[in-house]
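Residues per chain are reported as follows:
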Amino acid sequence: MKLLFVEAKLHLREWPFLMFTVGLPLLLLIVLGTSIPDFTKVGENGERFVDTQLPSMMTLLSLLTLACSVLPAVMATYRDQGVLRRMSTTPVHPGRLLGVQLLINLVVAVVTVVLLIVAGSLFFGSSAPRQWAWFGLVFLLGTAALMAMGLVIAAVAPNGKVAPGIGSAVMFPLLFLAGMWVPRDVMPDALRVISDYSVAGPFAQALKDTWQGHAPQLIHLVVVAAGLALFGGLAVRLFRWE
Amino acid sequence: MKIIEVENLRKQYPKHLAVDDVSFEVAEGEIFGILGPNGAGKTTTVECVAGVRAHDGGTVRVAGLDPRTQRDELRHVLGMQLQSAALPEKIKVWEALDLYASFYPDPADWRTLLARVGLDAKRDTAFKNLSGGQRQRLSVALALVGQPRVAVLDELTTGLDPQARRDTWELIQQVRESGVTIVLVTHFMEEAERLCDRIALIDAGKVVAIDTPAGLIARVGGEQRVRFRPSAPVDDSLLLALPEVREVTRSGEQMVVSGSGNLAPAVTLALAHHQIVPGDLRIEQATLDDAFLALTGRKLS
């Protein structure tokens, strides 16, 4: 319990982390939503860009930053500097530290989503995810898959300084495939097929679907779950404590 | 009572044999030194003792526990300070101690510990802003916060300035006085000579000798030299008549007397008898370095 408390404090001391994981997505939602007129026009599908597409992309931006940069940087640094090794000489296994880090990242992600929903409702009168139970499930599953991927990055990164670099190389293609710059609805077919298997793509689609009030498509859940299994397995195999 | 028993310890790494055959015993309350050149297998040896690394051969017992199968129990009796292990950069001194104290069921009061290692004033300082000596003292405090019976300290004073080193030595002596058995890994012969009750000299994965510092030095023959400038002319025969003296040589005004046993007192007493004062008196004794050289044919550092 104390470990969680101390690690949370340390996380807060790294305030640039929170600027990118909480501040930036929130700011983008508000600034883009209020400054680009097209984003608040009702489209062909009967809803506005700021209602579900923009907030689900911002959710993904926050999650990918956490999973690709923050988590690998922290864990690789802890391994690199011998923090994990130091802890392994005490009765508490360093695995506990990993668990605490995952929990902290999850909390930051949840806070971001809640703030995005509140901001959407305050600034644009958007509604909260209509299928909230499905939304929650999709959110947790996708977050787990991305965190597992982040641990693989932490495992292969030689140290804490290289880890965010590798993370960025993974993060930007995934953001693109998720529809950050070209929404999935208007992607060319070939690109959308790649997107369908990129874990981030189906995750983004399922988030958007449940935000709109639909049930997620089974195939999207399956791909995300497969990603979790794959990266989870790899992380367990590859992760080194020292 | 033997609190640590190591018998025929062996550890093979993929590319080299780190520890070939190491055996030693440590009595409760002792400061036991493991001394040897870099790469001799010192760190691997204590890591096997502490259960941080699994050994391939031989037996290790710490307070009757097997570090390979009873790691969890071992963690409660043995505290370890690792050579290259750190803390998160932004953790404050008190937070680190408070956190590590929470890992143990019956921890020491970390506030007392903080004062004992002299870091009271650094309570709220972040780890990255501590000096090398301060980090080492915090490291010692963390190794002790679980109230262990054995503390393993690996290369504790490497990289410290002389003052910080002396402060750390004092701290180690205080720790011993509180009843904790200490295993000290070092490649500084001065440190080993000054702190340790007994020393295992290790070279190339093997124990070369185990003895008290004085005992090890005595093995190289105990040759001593006394240098001085006599206040009046001295006849060589005066000194050669002493049983402790083997040889007398002169270089300029200086006399160099070689011998063994209680050489210095015997020489000064004989001089005093003839109202001669030995000026600039210097006594040169064999060191652990010499002992290591004699025992292995190689220099320690």
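The rules behind the values
Residues numbered from 1 in each chain as written. Chains lettered and ligands numbered in written order. Predicted model: local features only at pLDDT ≥ 70, side-chain atom pairs only at ≥ 80, totals over all residues. UniProt positions renumbered as here; feature names shortened; annotations may be inferred. Axes fitted to C-alpha atoms, helices over the stretch in contact; angles between N-to-C directions. Helix = DSSP H or I, 4+ residues; strand = E, 2+ residues; numbered from the N terminus. Parallel < 35°, antiparallel > 145°, perpendicular 65-115°, else oblique. Left-handed = near helix turned anticlockwise from the far one by under 90°. Contact = placed C-beta atoms within 7 Å. Nonpolar A, V, L, I, M, F, W, Y, C, P; charged D, E, K, R; others polar. Pairing = 2+ DSSP bridges. Core = buried A, V, L, I, M, F, W, Y, C linked by C-beta atoms within 7 Å. Buried ≥ 20, exposed ≤ 12 C-beta atoms within 10 Å, placed from the backbone. Domains from an automatic or database assignment.

Taking an unreviewed UniProt entry as the reference, chain B is identified by name as ABC-2 type transport system ATP-binding protein belonging to Nonomuraea fuscirosea. One UniProt comment on chain B, placed under Subcellular location (unreviewed entry), says "Cell membrane".

An unreviewed UniProt entry lists chain A under the name Transport permease protein, with Nonomuraea fuscirosea as the source organism. Per its UniProt entry, chain A bears the Sequence similarities (unreviewed entry) comment "Belongs to the ABC-2 integral membrane protein family."

Draft legend 1. Representation of the packing of helix α6 (residues 132-156) of chain A against helix α9 (residues 200-212) of chain A within the structure. Residues and elements named next belong to chain A. The geometry of α6 relative to α9 is characterised by a closest axis approach of 9 Å and an angle of 165° between their N-to-C directions. Viewed along their axes, α6 and α9 adopt a mutual orientation that is roughly antiparallel. α9 is crossed by α6, and the crossing has left-handed handedness. Only Phe203, Ala206, Leu207, Thr210 and Trp211 of α9 make contact with α6, whose side of the interface consists of Trp134, Phe135, Val138, Phe139 and Gly142. A class-by-class count of the residues in the contact of α6 with α9 yields eight nonpolar, two polar and no charged.

Draft legend 2. Spotlight on the pairing of strand β11 (residues 245-251) of chain B. Residues and elements named next belong to chain B. Examined bridge by bridge, β11 and strand β12 (residues 254-259) share six bridges and lie antiparallel to one another. In the strand pairing of β12, Thr249 is matched with Val256. Counted along the chain from β11 to the antiparallel partner β12, the turn is two residues long, and its residue Gly252 has a positive phi close to 65°.

Draft legend 3. Main features of the nonpolar core. In this structure, Leu64 of chain A together with Ala96, Leu97, Ala141, Val152 and Ile182 of chain B are the most contacted members of the largest nonpolar core, which totals 141 residues. Element by element, the count of residues in this core is highest for helix α3 (residues 53-80) of chain A, at 17 residues. Discounting chain neighbours no more than four positions away, the residues touching Leu97 of chain B are Trp110, Leu113, Leu114, Ala141, Leu142 and Val145 of chain B. In this structure, Phe228, Val234, Val257 and Leu271 of chain B belong to the second largest nonpolar core, which totals 12 residues.

Draft legend 4. Representation of the UniProt feature "transmembrane region" (unreviewed entry) in chain A. Residue and element names in this part refer to chain A. If you check UniProt for "transmembrane region" (unreviewed entry), the listed places come out as residues 15-36, 56-76, 97-126, 132-155, 162-182 and 218-239 in our numbering. Counted over residues 56-76, helix gives 100% and strand 0%. Its end C-alpha atoms are 29 Å apart. This span, residues 162-182, is 76% helix and 0% strand, and a straight line between its end C-alpha atoms measures 29 Å.

Draft legend 5. Representation of the interface of chain A and chain B in the model. At the junction of the two partners, chain A supplies 16 residues and chain B supplies 21 residues. For the side of chain A that touches chain B, the elements supplying multiple residues, two or more each, are α1 (2-13) and α4 (83-87) of chain A. Of all the elements, α1 of chain A adds the most residues to the side of chain A that touches chain B, at five residues. Per-class residue counts for the side of chain A that touches chain B are seven nonpolar, five polar and four charged.

Draft legend 6. The arrangement of the domain arrangement of chain B in detail. As far as domains go, chain B holds domain 1 (2-218) and domain 2 (223-285). For domain 1 of chain B versus domain 2 of chain B, the distance between C-alpha centres works out to 43 Å.

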